[in-house]
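Descriptive analysis of the structure
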Amino acid sequence: DTGVSQNPRHKITKRGQNVTFRCDPISEHNRLYWYRQTLGQGPEFLTYFQNEAQLEKSRLLSDRFSAERPKGSFSTLEIQRTEQGDSAMYLCAIVDGLSYLSFGSGTQLSVL
Amino acid sequence: DAKTTQPNSMESNEEEPVHLPCNHSTISGTDYIHWYRQLPSQGPEYVIHGLTSNVNNRMASLAIAEDRKSSTLILHRATLRDAAVYYCILNTGTASKLTFGTGTRLQVTL
């Protein structure tokens, strides 16, 4: 088991709809990351939180994407007006100990 | 970020050792070498990391060249459950933003 729970595991939506994913660390962790992974590629960094503060955002995170971590515990990632190019696996990770990231199993998004 | 180069794919027989190479000729003095693996339909999983000396843990061993321009992840006895994509990543010693390449897809056969 990883230290991160992600819901839903799978999401199918129509183009133009809004979707929201949730990431729940099992215990308190200061740092939380979001990544995106498309087929055949390694995960790509999207954004990073230190407690409730969003400290860094990738240029991949367009205006249609917003992430929050309101109480420094769980986090949500919302995509507005989804496009087919948003189809990907969205991964959440927390810092486990000091030395490595622990990833959730991800949310697989399919935009039709 | 300093870049790593890995073979796209490798094959191994079950219960044999596997040596997964990684080249990182532009590594800086403060870069640690991290290895993660990703099983099908799962998020990446930490395997091992090191700076200069060889490292062992319950999952694998990491052999680092003396000039640090290459390293090898060693799985001592591959099992079918080790079939995954293995990523070699340069990063700081404490966990921070990781830059993944495309990794090496390891196939393990009976």
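Report follows, based on the coordinates. (Residues numbered from 1 in each chain as written. Chains lettered and ligands numbered in written order. Predicted model: local features only at pLDDT ≥ 70, side-chain atom pairs only at ≥ 80, totals over all residues. Heavy atoms only, no water.)

Each helix and strand counted, chain A has 0 helices and 11 strands in total. Helices (α) and strands (β) of chain A occur, in sequence order from the N terminus, as β-β-β-β-β-β-β-β-β-β-β. Relative to the compact-globule value of 13 Å for 112 residues, chain A shows a C-alpha radius of gyration of 13 Å, a close match. Overall size of chain A, expressed as C-alpha extent along the three principal axes, is 40 × 25 × 20 Å. Considering chain A as a whole, with its 112 residues, one finds that 47% of them fall into the buried category. Pairs at least 24 residues apart make up 51% of the contacts formed inside chain A by residues separated by at least 6 positions. A gap of 6 Å separates the mean positions of the 13 positive and 12 negative side-chain charges of chain A. (Helix = DSSP H or I, 4+ residues; strand = E, 2+ residues; numbered from the N terminus. Rg over C-alpha atoms; globule rule 2.2 N^0.38 Å. Buried < 20%, exposed > 50% of the residue type's maximum accessible area, 1.4 Å probe, protein only. Contact = heavy atoms within 4.5 Å. Lys, Arg positive; Asp, Glu negative; His and termini not counted. Charge placed at Lys NZ, Arg CZ, Asp CG, Glu CD.)

Right, let's talk about the state of the cysteines for a bit. Residue and element names in this part refer to chain B. Under the criterion given, the structure shown has 2 disulfides over all chains. Through a disulfide, Cys 22 is tied to Cys 88; the S-S separation comes to 2.1 Å. Here the S-S torsion is close to -85°, and the disulfide linking Cys 22 with Cys 88 is therefore left-handed. One end of the pair, Cys 22, is in strand β2 (residues 18-23); the other, Cys 88, is in strand β8 (residues 84-91), with 66 residues separating them in the sequence. Grouping residues by exposure puts Cys 22 and Cys 88 together as buried. (Disulfide = S-S within 2.5 Å.)

Residue and element names in this part refer to chain A. Tracing the chain through its elements places Arg 64 in the loop between β6 (53-57) and β7 (65-68). Among the residues examined, Arg 64 registers a relative accessible area of 11% and is labelled buried. Side chain to side chain, Arg 64 and Glu 83 meet in a polar contact 3.4 Å long. Side chain to side chain, Arg 64 and Asp 86 meet in a polar contact 2.8 Å long. Excluding residues within four positions of it along the chain, Arg 64 makes contact with Glu 78, Ile 79, Gln 80, Arg 81, Thr 82, Glu 83 and Asp 86. (Polar contact = N/O pair within 3.5 Å; in protein donor to acceptor, adjacent residues only side chain to side chain.)

One pass over the structure, following the stated rule, counts 14 aromatic pairs over all chains. Seen in terms of ring centroids, Tyr 33 of chain A and Phe 45 of chain A are 6.4 Å apart; in terms of plane orientation they differ by 65°. Their pairing is edge-to-face. You can see Tyr 33 of chain A sitting in strand β4 (residues 31-37) and its partner Phe 45 of chain A sitting in strand β5 (residues 44-50), a full 12 residues away along the chain. We classify Tyr 33 of chain A as buried; its relative accessible area is 2%. You can call Phe 45 of chain A buried: its relative accessible area is 10%. Note on Tyr 36 of chain B and Tyr 46 of chain B: the rings are 5.7 Å apart at their centroids and 75° apart in plane angle, and the pair reads as edge-to-face. Here Tyr 46 of chain B lies in strand β4 (residues 45-50) and Tyr 36 of chain B lies in strand β3 (residues 32-38), a separation of 10 residues in the sequence. Exposure remark for Tyr 46 of chain B: the relative accessible area of 17% places this residue in the buried category. Through successive ring pairs, a cluster of aromatic residues spans Tyr 33, Tyr 35, Phe 45, Tyr 48, Tyr 100 and Phe 103 of chain A together with Tyr 36, Tyr 46, Tyr 87 and Phe 100 of chain B. Directly above the aromatic system of Phe 74 of chain A lies the positively charged group of Arg 22 of chain A, at a separation of 3.9 Å from the ring centroid. (Phe/Tyr/Trp six-rings, centres within 6.5 Å; stacked < 30°, edge-to-face > 60°. Lys NZ or Arg CZ within 6 Å of the ring centre and 35° of its normal.)

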